[in-house]
Structure formats: C-alpha cells, structure tokens
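Listed below are the residues making up each chain.
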Amino acid sequence: MVYLVNANLGTEIARTIEEFGHEVILVNETYPPGTADEHLVLDAQKNGWIIVTLDKGFSQYAYRFHPEGYGVITLRVSPQETFHICQRLRAVFETGINVMNQSIIVTNTDIRGLL
C-alpha cells in the first residue's frame, strides 16, 4: 500500500509507516508548496493511495464525497508531537484495519470510521 503523507507531517511519520512495509510519498518532497487538497485527493484516487494528515479538511471532503479508490487517515492527536502521532499510527497498523475506500479518525483513545 502507498501512503501519501501530508505536508503537515514529517519524515518520522513516514518512517513509522515504512516500518509496516508500506511505501510513502511525502507531499513536501513531491508537490509544489500550496498544492490544493483537491489535487492531492484526485491523485490519491487515481493511484489508490491512503492520505495521512492532521488536516480535518480531508476527512470532511471524504464525508461529502465518499472515498472510492483511496482512503484517509486523519490524526486528531494531542499533543501533536511526533512521538504521539507515531504511537497512534502504529496502533492503526496493528489493528489491521483496511482504510481503502474509507476515512478514519484517529484520536488519543479511539480509531473510528467516518463513513
């Protein structure tokens, strides 16, 4: 599976995803600054990627337009420190949840589907 890591997350997050055998594309390294979220969603849909982000706009977009051919993991973790984010991402991967064609919200205590 390929994960598109949004610009609001960094390389440590990418390494955590790679630990679970997945490929990672970093928005910061692949797209020009200011690339619209809709463009990222269209690329994710076209290529079958999972978007990983702190930006709740992606989950709102997925709620309005059911994600088909891609997925969204929105991290609503506090504090938004790399250690806590990586810890919660590991919990997602350890559950074995299939994120394709859905949007999930990950909090400090919960992993829930939006759709």
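The preceding data block contains the structure.
These numbers come from a predicted model, not from an experiment. (Residues numbered from 1 in each chain as written. Predicted model: local features only at pLDDT ≥ 70, side-chain atom pairs only at ≥ 80, totals over all residues. Heavy atoms only, no water.)

**Remarks on the pairing of strand β2 (residues 23-26)**
For step 1, the next point in the chain: In terms of strand pairing, strand β1 (residues 2-5) meets β2 through four bridges, oriented parallel. Bridging across to β2, Y3 finds its partner in V24.
For step 2, the next point in the chain: What joins β1 to β2 is helix α1 (residues 11-19), and the crossover it makes is right-handed. (Pairing = 2+ DSSP bridges. Helix = DSSP H or I, 4+ residues; strand = E, 2+ residues; numbered from the N terminus. Right-handed = clockwise from strand over helix to strand, strands pointing away.)

**Examining the packing of aromatic side chains**
For step 1, the next point in the chain: Summed over all chains, the structure comprises two aromatic pairs.
For step 2, the next point in the chain: Ring centres of Y3 and F93 lie 5.4 Å apart, and the angle between their planes is 80°; on these two criteria the pair is classed as edge-to-face. Separated by 90 residues along the polypeptide, Y3 in strand β1 and F93 in helix α5 (residues 82-95) bring together distant segments of the chain.
For step 3, the next point in the chain: For Y3, a relative accessible area of 6% translates into the label buried. (Phe/Tyr/Trp six-rings, centres within 6.5 Å; stacked < 30°, edge-to-face > 60°. Buried < 20%, exposed > 50% of the residue type's maximum accessible area, 1.4 Å probe, protein only.)

**Structural notes on the nonpolar core**
For step 1, the next point in the chain: Counting 23 residues, the largest nonpolar core has L9, I13, I17, V52, I73, L75 and L89 as its most contacted members.
For step 2, the next point in the chain: Of all elements in the fold, only β1, α1, β2, β3 (50-53), β4 (71-76), α5 and β5 (103-107) reach the threshold of two or more residues within this core.
For step 3, the next point in the chain: Of the residues forming this core, the biggest block, five residues, is contributed by α5.
For step 4, the next point in the chain: Filtering out sequence-adjacent residues up to four positions away, L89 remains in contact with I13, T16, I17, V52, I73 and L75.
For step 5, the next point in the chain: I25, Y31, L40 and A44 belong to the second largest nonpolar core, which has 15 residues in total. (Core = buried A, V, L, I, M, F, W, Y, C linked by side-chain atoms within 4.5 Å. Contact = heavy atoms within 4.5 Å.)

So yeah, pure geometry; function would need other evidence.
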